[in-house]
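Results of the structural survey
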Amino acid sequence: MPVWLQAGLWGLLAGGTLVVGAAIAWWVRVPRPVVAGVMAFGSGVLISALSFELVEEAEATGGLAATAVGLLAGAVTYVGANVLLARRGARHRKRAGDEQPTEEEQQGSGTAIAIGALLDGVPESVVLGLSLLGGGGVGVPVLAAIAISNLPEGLSSAAGMKRGGRSASYVFGVWGAIALASGLAGLLGCLALDGASPETLAVITSIAAGAILAMVADTMIPEAFERTQLYTGLLAALGFIAAFSISRA
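Okay, so let's go over this structure. (Residues numbered from 1 in each chain as written. Predicted model: local features only at pLDDT ≥ 70, side-chain atom pairs only at ≥ 80, totals over all residues. Heavy atoms only, no water.)

Turning our eyes to something else, we now look at helix H2 (residues 32–62). The end-to-end C-alpha distance of H2 is 42 Å, a good match for the 45 Å that 31 residues give at a rise of 1.5 Å each. At Leu50, H2 shows its maximal kink, close to 35 degrees. Residue Gly63 follows H2 closely and has a positive phi angle near 95 degrees. (Helix = DSSP H or I, 4+ residues; strand = E, 2+ residues; numbered from the N terminus. Expected span 1.5 Å × (residues − 1). Bend = angle between axes of the 7 residues up to and from the residue.)

Written out as structure tokens, the structure is:
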């Protein structure tokens, strides 16, 4: 099977856990502290994967300066886009409560939330695709981190969408589209960068890692802390340890 097709399928699989989370939220009433706890755990998992699978490898290949610049560029790009979307109603897109505005309260908020969900998912799929270009197969710790973190993201956000009066067609349309976009992002990233120098791959990886790190801090940890509070750090540490153990197993 071509590498680019593998990248697309792995991206689709990882993005598919968003749909699973949304389905759970739509048909099962999951207590918000449970959702927040899983979100905290997923945050720790992602931070561990960033540290030991993405940034460490990028620095070893492209050097410290290029990695630092890439991280900053990714974070700045994500935060800038997130600020614009927040002004249009997507600020609380990962919240499970009543924080998300309805379309009547803020016109265009549904579109902003959908674009925000896409913004959150694309960098993850890109790094998943890039992990295949080295010829060693998909990065299992990165795949596990994305899949584990996507489940509470989809669950929490879909619960908030439902509370905000969004229809089932909107909720599953958004998350189904994001899953497909995740597959396409992995596929296209792999195609576009096939044959690129290791240094170029390192820079692109660090840019995506910076965006993911900003996403964790801006959207996942605040939702987790709102409900788990004093236990957020512990749950995030457990997620970090779990992902680190997978990477070293």
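Packing of H2 against helix H8 (residues 232–248) brings their axes to within 6 Å, and their N-to-C directions diverge by 40 degrees. The orientation of H2 with respect to H8, classified from their angle, is oblique. The two elements H2 and H8 meet at a crossing, and its hand is right-handed. Packed against H2, whose contacting residues are Gly37, Ala40, Phe41, Gly44, Val45, Ile47, Ser48, Ser51, Phe52, Glu53 and Glu56, the element H8 presents Thr232, Leu235, Ala236, Leu238, Gly239, Phe240, Ala242, Ala243, Phe244, Ser247 and Arg248 at the interface. (Axes fitted to C-alpha atoms, helices over the stretch in contact; angles between N-to-C directions. Parallel < 35°, antiparallel > 145°, perpendicular 65-115°, else oblique. Left-handed = near helix turned anticlockwise from the far one by under 90°. Contact = heavy atoms within 4.5 Å.)

Looking now at the side chain of Thr17. By the element assignment, Thr17 lies in helix H1 (residues 3–27). Of the polar contacts made by the side chain of Thr17, one reaches the backbone oxygen of Ala147; its length is 3.3 Å. Sequence-distant contacts of Thr17, defined by excluding residues within four places in its chain, comprise Ile146, Ala147, Asn150 and Leu151. (Polar contact = N/O pair within 3.5 Å; in protein donor to acceptor, adjacent residues only side chain to side chain.)

On to a nonpolar patch on the surface, then. Judged by side-chain polarity, Met1, Trp4, Leu5, Leu9, Leu12, Leu180, Leu184, Leu188 and Leu191 come together as a nonpolar surface patch covering roughly 860 Å² of accessible area. In this fold, Leu180 is placed in helix H6 (residues 168–193). Under the relative-accessibility criterion, Leu180 is labelled exposed at 54%. (Patch = residues over 30% accessible without salt bridge, like charges linked within 9 Å, V, L, I, M, F, W, Y side chains within 5 Å. Areas by Shrake-Rupley, 256 points an atom, 1.4 Å probe, with all protein chains shown as cover. Salt bridge = Lys/Arg side-chain N within 4 Å of Asp/Glu carboxyl O. Buried < 20%, exposed > 50% of the residue type's maximum accessible area, 1.4 Å probe, protein only.)

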